[in-house]
Amino acid sequence: MVFQPQLKILIGRDEIAKAVDRLASEIKRDYQGKQPLLIGVLKGSFVFMADLIRQLDLPLELDFVRLSSYGATRENSGRVRVVQGVKTPIKGRDVLVIEDIVDTGITTSFLLDYLRKRKPASLKLCALTDKPSRRRVPVSIDYLGLSLPNKFVVGYGLDFDQRFRNLPDIYALED
Ligand code: 5GP
């Protein structure tokens, strides 16, 4: 039998769009005169990144990184692995990491350390969503879209077992 989880809407597309607009204004203001390198964390951030960059009137470049994920579970194993590294040279660049969600902070803090070692001129973090009550490793988010309660969410790029990324709103997965 196919597993059919219950989905409850948490953040509608209008609210997401407002958060993306605000983040784009903040980023545009701070990166005037610069050529930032935006690094998206696959796969979850691709929908957010696609919406965000179309509002950024800056001479930006893009790259992607893919890290090991939870797979079909909802818990972070605590072990992070780079599955696909960044191809663009980072040294001396103004790097802005684009995350879908910061949960325990383990993945993001690993990624920031990995990038920092490559000596960017600056390194900042933009996250669409954050679950601060779940934090195990401190992470400072320079541009934050929305704070979420302690619920597992899907939609707008976020999956459960590779499903639901295509939903235009953000939903809580109910057991
Ligand atoms: P962290 O290392 O901060 O615990 O988790 C980061 C990664 O876990 C995110 O990039 C995302 O892939 C996944 N993740 C954490 N919380 C959620 C959630 O509520 N929903 C989904 N779909 N993924 C999550």
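Engineer: Any details on the overall build of the protein chain? Residues and values, ideally.
Structural biologist: For the protein chain, the count of helices and strands is three helices and nine strands. Against the compact-globule benchmark of 16 Å for 175 residues, the protein chain has a radius of gyration of 16 Å, which places it among compact chains. Its C-alpha atoms put the protein chain at 50 × 35 × 25 Å along the principal axes. Carbon together with sulfur atoms contributes 50% to the accessible area of the protein chain, which is approximately 9,100 Å² in total. The distance from the centre of the 28 positive side-chain charges to the centre of the 22 negative ones in the protein chain is 5 Å.

Engineer: Hey, could you go over helix α2 (residues 46-53) for me, with residue numbers and the actual values?
Structural biologist: Among the residues making up α2, those that are buried are Val 47, Phe 48, Met 49 and Leu 52. Buried residues along α2 sit against α1 (13-30), β2 (37-42), β3 (61-67), β5 (94-102) and β6 (122-130).

Engineer: Run through the pattern of salt bridges, naming residues and quoting values.
Structural biologist: Where charged atoms from two side chains of opposite charge approach closely, those side chains can pair. In the structure shown here, the tally under the stated rule is eleven salt bridges. For Asp 30, the salt bridge goes to Lys 124, with nearest N and O atoms at 4.0 Å. In this pair, Asp 30 sits in helix α1 while Lys 124 sits in strand β6, placing the two residues 94 residues apart along the sequence. Overlapping salt bridges, with partners in common, bring together Arg 29, Asp 30 and Lys 124 in one network.

Engineer: How would you sum up the sheet that holds strand β1 (residues 6-11)? Please name residues and give values.
Structural biologist: As summarised here, the arrangement of the three strands in space is β1-β9-β8, forming an open sheet in which the pairing is antiparallel. Two strands in the sheet have a free side with no partner beyond their single neighbour: β1 and β8 (153-154). Pairing of β1 with strand β9 (residues 170-174), which is carried by five bridges, proceeds in the antiparallel orientation. Bridge pairing in β9 links Gln 6 to Glu 174.

Engineer: Explain helix α3 (residues 106-116) to me, and be specific about the residues and the numbers.
Structural biologist: Counting buried positions along α3 gives eight out of eleven residues, so the element sits mostly inside the fold. For α3, the complete set of buried residues consists of Ile 106, Thr 107, Thr 108, Ser 109, Leu 111, Leu 112, Tyr 114 and Leu 115. Tucked inside the fold, the buried residues of α3 contact β2, β3, β4 (82-84), β5 and β6.

About the criteria used
Residues numbered from 1 in each chain as written. Predicted model: local features only at pLDDT ≥ 70, side-chain atom pairs only at ≥ 80, totals over all residues. Heavy atoms only, no water. Helix = DSSP H or I, 4+ residues; strand = E, 2+ residues; numbered from the N terminus. Rg over C-alpha atoms; globule rule 2.2 N^0.38 Å. Areas by Shrake-Rupley, 256 points an atom, 1.4 Å probe, with all protein chains shown as cover. Lys, Arg positive; Asp, Glu negative; His and termini not counted. Charge placed at Lys NZ, Arg CZ, Asp CG, Glu CD. Buried < 20%, exposed > 50% of the residue type's maximum accessible area, 1.4 Å probe, protein only. Contact = heavy atoms within 4.5 Å. Salt bridge = Lys/Arg side-chain N within 4 Å of Asp/Glu carboxyl O. Pairing = 2+ DSSP bridges.

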